[in-house]
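Topology and contacts: notes
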Amino acid sequence: MMFLVLLVLLASSCLQLGHGSSFKLVDSNGYTISSANTFGLLLFEGRTVCDDYFSDNSAAAICRDMGYSGTSSWWTFNRYEHVQRWDRQRYYAIGLDDVVCTSPVWSSCTWSRTHNCKHGEDIFLTCQHNAVHGGWSSWSSWSPCVIESACQGSQSRSRSCTNPAPGRGGRSCTGSASEVRSCSTGSLQNGGWSEWGDWGSCNCDHSTGVGTWTRFRSCDNPSPACGGQSCSGSSTDTGSCNHACCQTTHGGWSEWGDWSTCSCDYTSETSLWTRSRECDSPVPSCGGSECVGQGQETTSCNHQSLVADLFSLQICLDRLPLPFLS
């Protein structure tokens, strides 16, 4: 018969099922026993276990702790048929006394180390039916990338403890049933400038005749994406537009022109003449104001020289209505 030895360290006063075993079974030569149906001297941390208060529950708890689902039998060294076969037991110190279990799992067991046993009370144990320990399935495919910020996100995948599923007291799978990794929906892309737009309206300072205008561009050729850098430089450009800007000029009067010939006022029997000037020195421009004052003036020409007066009077007489002359 092939045999199995399972050795696990004791972690506390009560072992928890599935956390590993503190026991092993050895043959008469002290070798590990390996078989689907284990049979051998029960050791605890290299020492034999005695039968004080040992019960079927104790046997079942130990078999489960070693990864098996049950026991077929247990007995002590005082059975004569095993004396020769297990004579090497005397080299092992008594390790665990007064084992009391209320159920077939170690969480219900208590024991002491009073060392009141003799080797004639050593426990021999048979365990049956290897437990089926759980195994992981293959990982599922990664889930779609869930975007969280700047094209960066996360995705997950999972697996199940079904290959095989744990059974007959076997351990569940160790490790995580899911995992997460970072992901991206696109590659990093730095921004690029568009072409400059048209110049805007000229903003003129008419007091100096200096003008400026502005044009713009956008960081969208291409736009930055997935954490890429924005465009360097300014999105605004200012230039001179003096050619499209005038300087304010207020109007100024020209010199007065010559007096006109006298004209007759028949009602007052006086003669008048006029002269004029133009608002063109300079002409008002670029919002400049018009000239202040009159562009024409009239005055009497009766006081001029005799020749002029006679001439004007003759003109007036010549133009009088006929009844006035009769």
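Residues numbered from 1 in each chain as written. Predicted model: local features only at pLDDT ≥ 70, side-chain atom pairs only at ≥ 80, totals over all residues. Heavy atoms only, no water.

**Focus: the pattern of salt bridges**
- In the structure shown here, the tally under the stated rule is three salt bridges.
- Ionic pairing is found between Arg-275 and Glu-297, a salt bridge with its closest N-O pair at 2.4 Å. Highlighted residues: Arg-275 in strand S15 (residues 270-276) and Glu-297 in strand S16 (residues 296-300), separated in sequence by 22 residues.
- Residue Arg-275 is classed as partly exposed on the basis of its relative accessible area, which comes to 24%. (Salt bridge = Lys/Arg side-chain N within 4 Å of Asp/Glu carboxyl O. Helix = DSSP H or I, 4+ residues; strand = E, 2+ residues; numbered from the N terminus. Buried < 20%, exposed > 50% of the residue type's maximum accessible area, 1.4 Å probe, protein only.)

**Digging into the sheet that holds strand S9 (residues 152-158)**
- Here three strands make up an open sheet; going across it, the order is S8-S9-S10 and the pairing antiparallel. Each edge of the sheet is formed by a strand with only one pairing partner; in this case those strands are strand S8 (146-149) and strand S10 (178-184). For this sheet the average axis-to-axis angle between neighbouring strands, irrespective of direction, equals 30°.
- Here S8 runs beside S9; their pairing, made up of three bridges, is antiparallel. The residue of S9 that forms the bridge with Ile-147 is Gly-153. (Pairing = 2+ DSSP bridges. Axes fitted to C-alpha atoms, helices over the stretch in contact; angles between N-to-C directions.)

**A word on the sheet that holds strand S11 (residues 203-205)**
- Strand order in the open sheet made by the three strands is S11-S12-S13, with antiparallel pairing throughout. If you trace the sheet from one side to the other, it starts and ends with S11 and strand S13 (236-240), each paired once. This sheet shows a mean twist of 25° between the axes of neighbouring strands, independent of strand direction.
- Direction of pairing for strand S12 (residues 210-216) relative to S13: antiparallel, over a ladder of five bridges. The residue bridging Phe-216 from the neighbouring strand is Thr-236, located in S13.

**Points about the state of the cysteines**
- Evaluated as defined, the whole model comprises eight disulfides.
- Note that Cys-101 is cross-linked by a disulfide to Cys-109, the S-S spacing being 2.1 Å. Between Cys-101 and Cys-109 the disulfide shows an S-S torsion of about 110°. By sign, it is right-handed. In terms of burial, Cys-101 and Cys-109 fall into one category: buried.
- The disulfide partner of Cys-145 is Cys-183, and the S-S distance across this bridge is 1.9 Å. Linking Cys-145 and Cys-183, the disulfide has an S-S dihedral of approximately 95° and is accordingly described as right-handed. Separated by 38 residues along the polypeptide, Cys-145 in the loop between strand S7 (123-130) and S8 and Cys-183 in strand S10 bring together distant segments of the chain.
- Of the residues examined, Cys-145 reaches a relative accessible area of 25% and is grouped as partly exposed. (Disulfide = S-S within 2.5 Å.)

**Details of the pairing of strand S5 (residues 94-101)**
- Among the eight residues that make up S5, seven are buried, leaving the element largely enclosed by the rest of the structure.
- One ladder, built from two bridges, connects strand S3 (residues 47-49) with S5; its direction is parallel. In the sheet register, Thr-48 faces S5, and the bridge partner there is Ile-94.

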